[in-house]
Amino acid sequence: MSLLHALLRITSFRSPLLRALVPCAAAALAVQAAAAAPSILARSERFYDVSGSATVLAVGALSLYLPALRARAAGRIVELPSLLDALVPGRTGPGAAWWNWRQIVATGLAMLWTIRLGSYLFKRVLSSGHDSRFEGIRDRPAAFAGAFAAQAAWVTLMLAPVIALNAVVPGTALAAGAAASTGVRVTDMLGLGTWIVGFGFEAVADAQKSRWAREKRDKVHDEAFMTSGLFSVSRFPHYFGEITLWTGLATFSAGALAAPPAQAALGLGGGAAGILATSALCFVAPAFSAFLLTRVSGIPMSEGKYDKRYGNRADYQAWKRDTPRLVPKLW
């Protein structure tokens, strides 16, 4: 029996959600373990963020194909469906009836986010040569390994909306393309619009910060800290964008999973309890992101560093007083 078949057999739970979540969590842990071993030996965090992006890509792809892999292992289908069948109009291959457009869009948005952010963070660590988050950790193997294990858990939680949506198997309105499911819902538009705003905020803020840092190195300016662009309306606009885009993806996925056929496909009753359960699973991503960024490793670490460096400067205190911490115009 192949390793894949063994994994599928071990994780063949009665609950469709567990059948999707557990293998995806195991895959995230496996990819992070593979990245952790050489990183710990080299005492280098250089590939930490890019390994996180690779894990998002691997888990996203696995969640999309997992129902088909199970069907193939059980002999219900001969070959895996092609994504082109679902994406290209007019194609009639097995993929056309296997996925609903929402599943492909949700997975694609998560992958687009991780490719952009991962490449940005990788370029930044290559340029600086180190990541301040790992000071005092990279030389402690157990703590360093814990950082990779934490990243595996982070990927699993952040992709919970995608994994839950992709757990809906063919034969339901979501996957089979029934008329009630193929139309565009309010939650589709609201979720996609929110994701676009968040993604744009994060990407523009990162680009502005990179340009500012490059110009500082080139002696174009001698500003100690950045207060222009999006940083004039929020002290941490990239974190605002991150939380916003995950809120959008959660809204998009939760709306689709609230449909009665999707509830039935996941083994839920379809009433308020079932909708609440799938919505909670989707919104764990933005909630966890907000917790990390506002209470743990995002704003607290950055703000503490800035306060230590510039806390005695009047211009820094003025910027801190007059600029919202996270949400533009609000807080």
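These numbers come from a predicted model, not from an experiment.

Undergrad: So what's going on with the overall build of the protein? Which residues, and what values?
TA: From N to C terminus, the protein includes 16 helices and 0 strands. The C-alpha atoms of the protein give a radius of gyration of 22 Å, which matches the 20 Å a tight globule of 331 residues would have. Its C-alpha atoms put the protein at 65 × 45 × 40 Å along the principal axes. A burial count over the protein gives 45% of its 331 residues as buried. A sequence separation of at least 24 residues applies to 75% of the contacts in the protein between residues at least 6 apart. For the protein, the accessible area works out to roughly 15,900 Å², and carbon and sulfur atoms hold 65% of it. Treating the 33 positive side-chain charges of the protein as one cloud and the 19 negative ones as another, the clouds have centres 6 Å apart.

Undergrad: How would you sum up helix H7 (residues 141–158)? Please name residues and give values.
TA: In an α-helix there are 3.6 residues to a turn, and that puts residues three or four apart on one side. Spanning 18 residues, H7 covers 26 Å between terminal C-alpha atoms, matching the ideal 26 Å at 1.5 Å per step. Along H7, the residues that are buried comprise Phe-144, Ala-147, Phe-148, Gln-151, Ala-152, Trp-154, Val-155, Thr-156 and Met-158. Looking at the buried residues of H7, the elements they touch are helix H2 (16–42), helix H3 (48–73), helix H6 (101–128), helix H8 (160–166), helix H12 (237–257) and helix H14 (272–296).

Undergrad: Tell me about the packing of H12 against H14, and please be specific about residues and values.
TA: Two elements in contact, H12 and H14, have axes separated by 8 Å at closest approach and are oriented at 175°. Of the possible angle classes, the one that applies to H12 and H14 is roughly antiparallel. Contacts between H12 and H14 involve Tyr-239, Glu-242, Ile-243, Trp-246, Thr-247, Ala-250, Thr-251, Ser-253, Ala-254 and Leu-257 from the former and Thr-278, Ser-279, Cys-282, Phe-283, Ala-285, Pro-286, Ser-289, Ala-290, Leu-293 and Thr-294 from the latter. By residue class, the composition of the contact of H12 with H14 is 12 nonpolar, 7 polar and 1 charged.

Undergrad: Let's hear about the side chain of Thr-244: which residues, and what values?
TA: Following the sequence through the fold, Thr-244 ends up in helix H12. Thr-244 sits in the buried class, given a relative accessible area of 13%. Among residues more than four places away in sequence, those in contact with Thr-244 are Thr-194 and Gly-198.

Undergrad: So what about the layout of surface pockets? Which residues, and what values?
TA: Roughly 310 Å³ of internal volume is contained in the second largest pocket. Together, 19 residues line the second largest pocket, and Arg-19, Pro-67, Arg-70, Ala-71 and Arg-76 are the ones closest to its centre. Put simply, the parts of the chain that give the lining of the second largest pocket at least two residues each are helix H1 (3–10), H2 and H3. If you tally residues by element for the lining of the second largest pocket, the top one is H3, at 6 residues. Residues belonging to the lining of the second largest pocket are distributed by class as follows: 12 nonpolar, 3 polar and 4 charged.

Undergrad: Go over the pattern of salt bridges, please, and point to the residues and values.
TA: Inspection of every chain in the model, using the stated rule, returns 11 salt bridges. Notably, a salt bridge pairs Asp-188 with Arg-102, separated by 2.9 Å at the nearest N-O pair. Here Arg-102 lies in helix H6 and Asp-188 lies in helix H11 (residues 186–217), a separation of 86 residues in the sequence. Like Asp-188, the residue Arg-102 is buried in the burial classification. For the salt bridge of Arg-321 with Asp-322, the shortest nitrogen-to-oxygen distance reads 3.3 Å.

Undergrad: Would you mind going over the packing of aromatic side chains in detail, with residue names and values included?
TA: Within the structure shown, the criterion is met by 17 aromatic pairs. Lying over the aromatic face of Phe-199, Arg-116 brings its terminal NZ or CZ to 6.0 Å of the ring centre.

Undergrad: Describe the UniProt feature "transmembrane region" (unreviewed entry) in the protein, naming the residues involved and giving the relevant values.
TA: Within this structure's numbering, the places UniProt gives as "transmembrane region" (unreviewed entry) are residues 143–169, 189–207, 239–259 and 271–293. A helix fraction of 90% and a strand fraction of 0% characterise residues 239–259, whose end C-alpha atoms lie 31 Å from each other. From the first C-alpha to the last, residues 271–293 spans 33 Å; its make-up is 96% helix and 0% strand.

Undergrad: Explain the environment of Arg-235 residue by residue, including any values.
TA: With respect to the secondary-structure elements, Arg-235 resides in the loop between H11 and H12. Using a relative accessible area of 9% as the deciding quantity, one classes Arg-235 as buried. As for Arg-235 and Ser-127, which are separated by 108 residues in sequence, their C-alpha atoms are 23 Å apart. Excluding anything up to four places from it in sequence, Arg-235 contacts Glu-303, Trp-319, Lys-320, Thr-323, Pro-324 and Arg-325. A distance of 2.9 Å separates the side chain of Arg-235 from the backbone oxygen of Thr-323, its partner in a polar contact.

What counts, and where the lines are drawn
- Residues numbered from 1 in each chain as written.
- Predicted model: local features only at pLDDT ≥ 70, side-chain atom pairs only at ≥ 80, totals over all residues.
- Heavy atoms only, no water.
- Helix = DSSP H or I, 4+ residues; strand = E, 2+ residues; numbered from the N terminus.
- Rg over C-alpha atoms; globule rule 2.2 N^0.38 Å.
- Buried < 20%, exposed > 50% of the residue type's maximum accessible area, 1.4 Å probe, protein only.
- Contact = heavy atoms within 4.5 Å.
- Areas by Shrake-Rupley, 256 points an atom, 1.4 Å probe, with all protein chains shown as cover.
- Lys, Arg positive; Asp, Glu negative; His and termini not counted.
- Charge placed at Lys NZ, Arg CZ, Asp CG, Glu CD.
- Expected span 1.5 Å × (residues − 1).
- Axes fitted to C-alpha atoms, helices over the stretch in contact; angles between N-to-C directions.
- Parallel < 35°, antiparallel > 145°, perpendicular 65-115°, else oblique.
- Nonpolar A, V, L, I, M, F, W, Y, C, P; charged D, E, K, R; others polar.
- 1 Å grid on protein atoms, 1.4 Å probe; cavity = no way out; pocket = protein on both sides within 12 Å on 5 of 7 lines; lining within 4 Å.
- Points joined across faces, edges and corners; volume = space filled by probe spheres on them.
- Salt bridge = Lys/Arg side-chain N within 4 Å of Asp/Glu carboxyl O.
- Phe/Tyr/Trp six-rings, centres within 6.5 Å; stacked < 30°, edge-to-face > 60°.
- Lys NZ or Arg CZ within 6 Å of the ring centre and 35° of its normal.
- UniProt positions renumbered as here; feature names shortened; annotations may be inferred.
- Polar contact = N/O pair within 3.5 Å; in protein donor to acceptor, adjacent residues only side chain to side chain.

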